[in-house]
Amino acid sequence: MVLRYIFRTIGVLISLYSMLCLFRIIITWIPQLSYSKIANFLASVCDPYLNRFRNIKFLKLGGFDFSPALALCLLGAAASLCSSISNGGAITPAFIFCVILQVIWSIANSILTFLIILFAIRLIIIYAKKDSYSGSYIFDQIDNSISPLVYKLSKTFSFGKTLSYKTSLIVSICTLIFFSILGSFLFMGLEKLIFKLM
């Protein structure tokens, strides 16, 4: 009974820490808040943990760093593990394997979702500004970061034809949505199969 209470408390603390890390990540995107007292507090509490993931190369895509997604997913997995123990759940090899799969899929799906949203926002802005593809330093930077991936994705599904940037964005968005849906079905199926086999 005492052990369950301890694991429940640890799970709650990990969840709270995860929320603090999420706030820290969001604040770094808002220059006006980056040097506030709250930002300094969050930096002192969260950066020692978040910085451990910053140099992982495969989590960097163009100008984007997805290492915070891994950091948050690992915290989520730890909270889930503690919650399962506190509720009397058995920690079996199947459970551990499923937690690992869940972390991997959460990271992959977070990256897919982020890219879908980013590509969609860029496409909307292009259609809103019919006379120009750029016109803003921020959008030029975003285009420089995402265009290699956008053209690579669209070229794969256009049989080598060169498409316009707008069309390439549409093809890329559809491709990423397809992979996100397919990945979700595969993950759920694999999870069920693991529990049946183990």
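Presented here is an overview of the structure given in this document.

Basis of the calculations
Residues numbered from 1 in each chain as written. Predicted model: local features only at pLDDT ≥ 70, side-chain atom pairs only at ≥ 80, totals over all residues. Heavy atoms only, no water. Helix = DSSP H or I, 4+ residues; strand = E, 2+ residues; numbered from the N terminus. Buried < 20%, exposed > 50% of the residue type's maximum accessible area, 1.4 Å probe, protein only. Areas by Shrake-Rupley, 256 points an atom, 1.4 Å probe, with all protein chains shown as cover. Lys, Arg positive; Asp, Glu negative; His and termini not counted. Charge placed at Lys NZ, Arg CZ, Asp CG, Glu CD. Phe/Tyr/Trp six-rings, centres within 6.5 Å; stacked < 30°, edge-to-face > 60°. Disulfide = S-S within 2.5 Å. Patch = residues over 30% accessible without salt bridge, like charges linked within 9 Å, V, L, I, M, F, W, Y side chains within 5 Å. Salt bridge = Lys/Arg side-chain N within 4 Å of Asp/Glu carboxyl O. Axes fitted to C-alpha atoms, helices over the stretch in contact; angles between N-to-C directions. Parallel < 35°, antiparallel > 145°, perpendicular 65-115°, else oblique. Left-handed = near helix turned anticlockwise from the far one by under 90°. Contact = heavy atoms within 4.5 Å. Core = buried A, V, L, I, M, F, W, Y, C linked by side-chain atoms within 4.5 Å.

## Things to note about the overall build of the chain
The secondary structure content of the chain amounts to six helices and two strands. Going from N to C terminus, the chain has its helices and strands arranged as α-α-β-β-α-α-α-α. With the principal axes as the frame, the chain shows a C-alpha extent of 65 × 50 × 30 Å. Residues counted as buried form 34% of the 198 residues belonging to the chain. Accessible area for the chain stands at about 12600 Å²; split by element, carbon and sulfur atoms hold 71% of it. The chain carries 17 positive and 6 negative side-chain charges, and their two centres are separated by 8 Å.

## Some details on the packing of aromatic side chains
Scanning the entire structure with this criterion turns up five aromatic pairs. Aromatic side chains Tyr49 and Phe53 sit 5.1 Å apart centroid to centroid with 70 degrees between the ring planes, which places their arrangement in the edge-to-face category. Given the relative accessible area of 17%, Tyr49 is considered buried. Taking 5.4 Å as the distance between ring centres and 80 degrees as the angle between the ring planes, the aromatic pair formed by Phe66 and Phe114 counts as edge-to-face. One end of the pair, Phe66, is in the loop between strand E2 (64-65) and helix H3 (67-86); the other, Phe114, is in helix H4 (residues 93-128), with 48 residues separating them in the sequence. Linked through ring pairs, Tyr17, Tyr49 and Phe53 together constitute an aromatic cluster.

## Looking at the state of the cysteines
Summed over all chains, the structure comprises zero disulfides. With no disulfide of its own, Cys82 has Cys21 as its nearest cysteine by sulfur position, at a separation of 15 Å. The buried category is assigned to Cys82, whose relative accessible area is 9%.

## Quick look at a nonpolar patch on the surface
A cluster of nonpolar side chains, contributed by Met19, Leu22, Phe23, Ile26, Trp29, Ile30 and Leu33, occupies part of the molecular surface with about 630 Å² of accessible area. Its place among the elements puts Trp29 in the loop between helix H1 (2-28) and helix H2 (37-50). When its relative accessible area of 61% is taken as the criterion, Trp29 is described as exposed.

## Observations regarding the packing of H1 against H3
Their axes nearest at 8 Å, the elements H1 and H3 cross at an angle of 160 degrees. As the angle between them shows, H1 and H3 are arranged roughly antiparallel. Read as a crossing pair, H1 and H3 show a hand that is left-handed. On H3, the residues that touch Arg4, Phe7, Arg8, Ile10, Gly11, Ile14, Ser15, Tyr17, Ser18, Cys21, Leu22 and Ile25 of H1 are Pro68, Leu72, Leu75, Ala78, Ala79, Cys82, Ile85 and Ser86.

## Some points on the nonpolar core
In terms of nonpolar packing, the biggest core is built from 44 residues, with Tyr49, Phe119, Ile146 and Leu169 touching the most fellow members. Ranked by residues supplied to this core, first place goes to H4 with 16 residues.

## Regarding the pattern of salt bridges
Counted by the stated rule, this structure contains two salt bridges. Ionic pairing is found between Asp47 and Arg24, a salt bridge with its closest N-O pair at 2.9 Å. Taken together, the residues Asp47 in helix H2 and Arg24 in helix H1 connect sequence positions 23 residues apart. The exposure classification of Asp47 matches that of Arg24, with both residues buried. One salt bridge in this structure joins Asp65 and Arg54, with 3.7 Å as the shortest N-O distance. One end of the pair, Asp65, is in strand E2; the other, Arg54, is in the loop between H2 and strand E1 (60-61), with 11 residues separating them in the sequence. Overall, Asp65 belongs to the partly exposed group, its relative accessible area being 30%.

Remember, this is a structural readout, not a statement about activity or role.
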